[in-house]
Structures are given as structure tokens and as C-alpha cells.
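What follows is each chain in one-letter form.
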Amino acid sequence: MAKLTALGAAREVGRSSFLLDVGEKFLLDRGIKLGHDETEYPLPVKTNLDAVIISHAHLDHSGNLPELFKKSNPFVYMTQPTLDLSNILWQDSLKIAKIEGIPVMFSPVEIKVAEKFTFTIPFRKKINLSESTSLELFDAGHILGSSMIKIQSEEKNVIYSGDFKIEETRLFKGADKRIGKADVLIIESTYGDRNHRERKDLEKEFAEEVQNTLHNDGFAMVPAFAVGRSQEIIDILYENKVEAEIFFDGMGQRVAKTTLEYPELLKNPKSLGKALHSVTWVKKGKRHPALKKPCIIVTSAGMLEGGPIMWYLKKLYKDKNSKIFLTGYQVEGTNGRTLMEKGKMDLDGEIVKIKNQVQQFDFSAHASQDELIQLAKLTEPELVVCVHGDEKVIKVFQKKLKQEGFNSAAPKLGEEIKLD
Ligand SMILES: [Zn+2]
Ligand SMILES: [Zn+2]
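Residues numbered from 1 in each chain as written. Chains lettered and ligands numbered in written order. Predicted model: local features only at pLDDT ≥ 70, side-chain atom pairs only at ≥ 80, totals over all residues. Heavy atoms only, no water.

**Student:** Can you walk me through the overall build of the protein in this structure?
**Tutor:** The secondary structure content of the protein amounts to 12 helices and 24 strands. Taking 420 residues into account, the globule formula puts the C-alpha radius of gyration at 22 Å, and the protein, at 21 Å, falls close to it. Taking all contacts inside the protein whose residues are at least 6 apart in sequence as the whole, residues at least 24 apart take part in 73%. Counting every atom, the protein has about 18,300 Å² of accessible surface; 47% of that belongs to carbon and sulfur. Of the charged side chains in the protein, 60 are positive and 60 negative, and the gap between their average positions amounts to 3 Å. (Helix = DSSP H or I, 4+ residues; strand = E, 2+ residues; numbered from the N terminus. Rg over C-alpha atoms; globule rule 2.2 N^0.38 Å. Contact = heavy atoms within 4.5 Å. Areas by Shrake-Rupley, 256 points an atom, 1.4 Å probe, with all protein chains shown as cover. Lys, Arg positive; Asp, Glu negative; His and termini not counted. Charge placed at Lys NZ, Arg CZ, Asp CG, Glu CD.)

**Student:** Explain the coordination of the zinc ion (ligand 2) here, please?
**Tutor:** Each angle at a metal carrying four tetrahedral donors should ideally be 109.5 degrees, and each at a metal carrying six octahedral donors should ideally be 90 or 180 degrees. Those donors, Asp60 (OD), His61 (NE2), Asp163 (OD) and His388 (NE2), are the protein atoms that reach the zinc ion (ligand 2), and they lie 2.2 Å from it. Coordination at the zinc ion (ligand 2) comes from four donor atoms whose angles at the metal span 88 to 163°, giving a geometry best classed as irregular. All donors to the zinc ion (ligand 2) come from one chain, and their sequence spacing reads D-H-x101-D-x224-H. Between the zinc ion (ligand 2) and the zinc ion (ligand 1) the interatomic distance amounts to 3.5 Å, and Asp163 serves as a bridging ligand to the pair. Of this pair, His61 sits in helix H1 (residues 59-62) while Asp163 sits in the loop between strand E12 (157-160) and strand E13 (184-188), and the two are 102 residues apart along the sequence. Asp163 sits in the buried class, given a relative accessible area of 1%. (Donors = N, O, S within 2.8 Å, 3.2 Å for Na, K, Ca; no water. Tetrahedral: all angles 85-135°; square planar, octahedral: opposite > 155°, others 65-115°. Buried < 20%, exposed > 50% of the residue type's maximum accessible area, 1.4 Å probe, protein only.)

**Student:** I'm lost on the coordination of the zinc ion (ligand 1) in this one. Help?
**Tutor:** Taken together, the protein ligands of the zinc ion (ligand 1) are His56 (NE2), His58 (ND1), His142 (NE2) and Asp163 (OD), with distances of 2.2 to 2.4 Å. One way to put it: the four donor atoms around the zinc ion (ligand 1) meet at angles of 90 to 164°, and that makes the site irregular. Sequence spacing of the donor residues for the zinc ion (ligand 1), all on one chain, is H-x1-H-x83-H-x20-D.

**Student:** Looking at this model, I keep getting lost on the environment of Lys399. Mind explaining?
**Tutor:** With respect to the helices and strands, Lys399 occurs in helix H12 (residues 391-403). Since its relative accessible area comes to 60%, Lys399 is described here as exposed. Spatially, the C-alpha atoms of Lys399 and Gly192 are 10.0 Å apart, while their sequence positions differ by 207 residues.

**Student:** Is there a simple way to think about the packing of aromatic side chains in this case?
**Tutor:** Each aromatic ring pair is described using two quantities: the centre-to-centre distance and the angle formed by the ring planes. Within this structure, the stated rule accounts for 13 aromatic pairs. When the centroid spacing of 5.1 Å and the interplanar angle of 85° are considered together, the rings of Trp311 and Tyr312 count as edge-to-face. One aromatic cluster in this structure is built from Phe69, Phe75, Tyr77, Phe117 and Phe119. (Phe/Tyr/Trp six-rings, centres within 6.5 Å; stacked < 30°, edge-to-face > 60°.)

**Student:** For this particular structure, what's the right way to read the sheet that holds strand E2 (residues 17-21)?
**Tutor:** Across a sheet, strands are paired by hydrogen bonds formed along the backbone, either parallel or antiparallel in direction. The seven strands lie next to each other as E8-E7-E6-E3-E2-E1-E24, forming an open sheet whose pairing is mixed. Of all the strands in the sheet, just strand E8 (118-120) and strand E24 (416-418) have a single pairing partner and so form its edges. The sheet shows a mean angle of 25° between the axes of neighbouring strands, taken without regard to direction. Taken together, the three bridges between strand E3 (residues 25-28) and strand E6 (residues 51-53) define a ladder with parallel strand orientation. (Pairing = 2+ DSSP bridges. Axes fitted to C-alpha atoms, helices over the stretch in contact; angles between N-to-C directions.)

**Student:** What's the story with the pairing of strand E18 (residues 323-326) in this structure? I'm lost.
**Tutor:** Along a regular strand, successive side chains alternate from one face of the sheet to the other. Here E18 shows a buried face lined by Lys323 and Phe325 and a second buried face lined by Ile324 and Leu326. Sheet topology note: the strand E14 (residues 220-223)/E18 ladder contains two bridges and is parallel. In the sheet register, Ala220 faces E18, and the bridge partner there is Lys323. Pairing analysis gives four bridges linking E18 to strand E21 (residues 357-360), with the strands arranged parallel. Paired with Ile324 across the strands is Val358, a residue of E21.

**Student:** Help me understand the nonpolar core, please; the structure alone is not making it clear to me.
**Tutor:** Nonpolar side chains in soluble globular proteins tend to be buried together. Within the largest apolar cluster, 42 residues are counted, with the highest numbers of intra-cluster contacts made by Phe206, Val210, Ile233, Leu237, Ile296 and Val298. Secondary structure elements with two or more residues in this core: helix H3 (80-100), helix H5 (199-215), E14, helix H6 (229-239), strand E15 (246-249), helix H7 (252-260), helix H8 (269-277) and strand E17 (296-299). Take this core: its biggest share by element is five residues, from H5. Of the domains in this structure, domain 1 (3-194 + 365-418) and domain 2 (199-360) are the two that each give at least three residues to this core. With sequence-adjacent residues up to four places away left out, Ile296 is seen in contact with Val210, Leu214, Ala220, Val222, Leu237, Val242, Ala244, Glu245, Ile246 and Phe247. Membership of the second largest hydrophobic core comes to 30 residues, among which are Leu20, Tyr77, Val385 and Ala409. (Core = buried A, V, L, I, M, F, W, Y, C linked by side-chain atoms within 4.5 Å. Domains from an automatic or database assignment.)

**Student:** Please clarify how the side chain of Glu232 should be interpreted in this entry.
**Tutor:** Residue placement: Glu232 occurs in helix H6. Looking at Glu232, its side chain comes within polar contact range of the side chain of Arg199, at 2.6 Å. Look past the residues within four positions of Glu232 in its chain and what remains in contact with it is Thr169, Arg170, Leu171 and Arg199. (Polar contact = N/O pair within 3.5 Å; in protein donor to acceptor, adjacent residues only side chain to side chain.)

**Student:** Looking at this model, I keep getting lost on the sheet that holds strand E23 (residues 408-409). Mind explaining?
**Tutor:** Taken in spatial order, the seven strands of this open sheet run E9-E10-E11-E12-E13-E22-E23, and their pairing is mixed. Only two strands of the sheet have a single neighbouring strand rather than two, namely strand E9 (127-128) and E23. As paired elements, strand E11 (residues 147-152) and E12 share four bridges and run antiparallel to each other. The partner of Ile149 across the bridge, within E12, is Tyr160.

**Student:** Can you walk me through the pattern of salt bridges in this structure?
**Tutor:** Oppositely charged side chains can form a pair if their charged atoms are brought close together. Per the stated rule, a full pass over the model turns up 26 salt bridges. Between Glu168 and Lys267 there is a salt bridge, with its nearest N and O atoms 3.5 Å apart. On the criterion of sequence distance, the pair formed by Glu168 in the loop between E12 and E13 and Lys267 in the loop between H7 and H8 is long-range, its members being 99 residues apart. Given the relative accessible area of 32%, Lys267 is considered partly exposed. Ionic pairing is found between Asp193 and Arg194, a salt bridge with its closest N-O pair at 3.0 Å. In the salt-bridge network here, residues are joined through shared partners; they are Arg170, Arg199, Glu203, Arg229, Glu232, Asp235 and Glu239. (Salt bridge = Lys/Arg side-chain N within 4 Å of Asp/Glu carboxyl O.)

This is the structure in C-alpha cells:
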């Protein structure tokens, strides 16, 4: 009997990891949850795995993969760009841990072994995991290399959406709708309770607000996720012809280089290339020139948890003319969320009041409620398993699923559910 155990991302966003048992045992994702004070890990895997499949490189899906290799050597499957980006993020995790003196769950040795046991596969190339089970990855339209995972076995056909977006964004064409049907759909629920604003309007308003900040003699600080968002933001500013120097700092630079290596996966690689080459790439330790006169600073971390943005904030947080543009989902308990809700944040161990203006722009790379339902309709499952969403959001989403005629479940952390 087919079963699914939620080892993480159960009624929460973060540390995605699911044990799928369809006669053989597969682990879907192995992420971490970066909180303000601590990192949370998924529950341990207490069984032998036939394979591990990673949907995409974001740390909440890939961040703890190397740790598995302390105890065993499972085969891992993912796309090549997912491996490239995960590698950048794993190395960065080790670097940050060293600087901040926090424990890490793995060493460079485990990263090497993880790479050795990873097979990269392109989208829409079905491979056999065993005599009776196949795996196929479909473009999820979320970040570079992100995939929706389809596992077909004698017992059940299962689709795991990972994080996905059906509508096109600035960088990507949107999820591949040729994914076909499944008995079970395990689906992200990040925005299960709402729909997003029209993308074009949002981009225009963002560019205008950035320009206004500069006219008012302020700095426009744009903390953005290193993977995907920071490159997208630069593309938006370029396309909307915002007049000011743009400083691009942090790990997003390496991700940008990797992104341009995969033009076939991008919607408009030429325009992105032009945009990325039009900005000033800040060299290590050379941040001061950015502070000479009002400009735009695009840098990580997107939720204000570390990264170069902290350096800029320390210099600028008292300036009323400057503005912080939050550009993505802010996880509960992070600095970004606290700033939105209370106007304060932790700067170098001290809670300070931020005098800058703050505005959030929801440039989501996640499916809105409409897109979530659209995927359910495309795949026609008997059961929808809702994961990767806050508890309250999942409640609303399950209600909507019911209205649309779908059975759904939302496992708790550690809970095993039957897929029949
Ligand atoms: Zn993601
Ligand atoms: Zn995620």
C-alpha cells in the first residue's frame, strides 16, 4: 500500500522532505528551514532509500542533501542546473557557518560524495528507477532548473510539484503543462489562500517607487533572493529604464553567471544578459563606492537574514529618505517578516528601529491559488496532498480544493498518510 511520510514542510514553509513508499522508497527533497535564531532540519530518514530526487536548488529543498551521505550513499536525481546552483548554496552554507561559528551538518567531503552519487537528467526524459518504476522531470517554471517530479509505479502514479509557477515570469516561461495525469498530487501551498496581482502592473509600480526614492535623495535597497529574484529584479529595472546606477552585490552574482549558461531554459536570455551586464558588480570588500550618492542596491539576503544587505543597512538604517523594497515571501520569524510587522529588526545582535521606508512587492515565483487549482485540474488526482504552506493558508486552500471537487490531505510533521 502506497504511503507518504512528511519529514518536513508539513503545515509550514521550509525544510521540504517527503518519504514516498510505493513498494520502493523514494525521498523527495531534503531541505532546511533558515530561521532567525536557528536552522531547522527535517526529521531523520530511518529506512534504506532506493533513490533521492531533488526538485530544485533552493535551500528549503536541497540544503540538507549532503548530510544524508554521512550514513549511506543513495542515488540522487536532479537537473544539471539544480546541481550547479545547489553546489553554490552548499558551499555558501559552509562559509557562513564558519564565519558565524554555528554548527553545520556536513563537510566538503559529503558535498563531494553527494555530487558523485548524483545523476543529472534533462526535462522530459523518462528514466527507469527500477524494473517497475520510472521517473520524469518537468520544468516547474519557478527558478533555473526547477522541476516537477513524476513517479510512475505499479502501485501509484505520483506527481510532486515542488515549487512551481504556471504563468510566465520575467525570466521563465512557466511550468510545463504536458505533465499528464496522476493518482496523487503532492502540491506546494505557499499561496493557497490568495491570487497575485497582475505581474506587469506590479513591475511598473515597483520601478516607479524605486525611481521616486532616488528623486527624494534616498537609496533604494532591494534585498532579494540570490537565486532567481535578484537577476529578475535587475531585468525589471533595466526593462523599465530606471535612471540610476545599480550596484549588484552578493551570491546572486555567481548565480547570474550560472543562469546565463543555460539560455535554452530562459524566456529571453539576450535581454537578461544585457540587463546583467549594465549594472555594477560590487567586488569583494569594495562596497563604499555605492554609498557616495543615492543609487539602487540589489543584494542578498532576501529575508534580511545575513548577506551583504546587512552591511548596507548598518550604514543607512537611520535615513528616512531611503527605502527597503522587500521582493519576496517573508517566512515567519525572519528579520524581513519582523520588519514588515513591527518596523524593527535585528542588526548585529541588537534590535533596532528601522527609520527607512519599507514596502513589500510580491514578485512571487510560486503558484497563486488559481494556478494551484489549475495544476490539480490538469493532473486529475484522486488525492491532493497539501504541503509547503502555513497552517492557516492550507486550511483555506483545502476548502477551495473541496469546492472544486478534490479530496485533500495535509499531513502533520512526522505523519504517515495512506495514498489510497
Ligand atoms: Zn523554491
Ligand atoms: Zn520552497
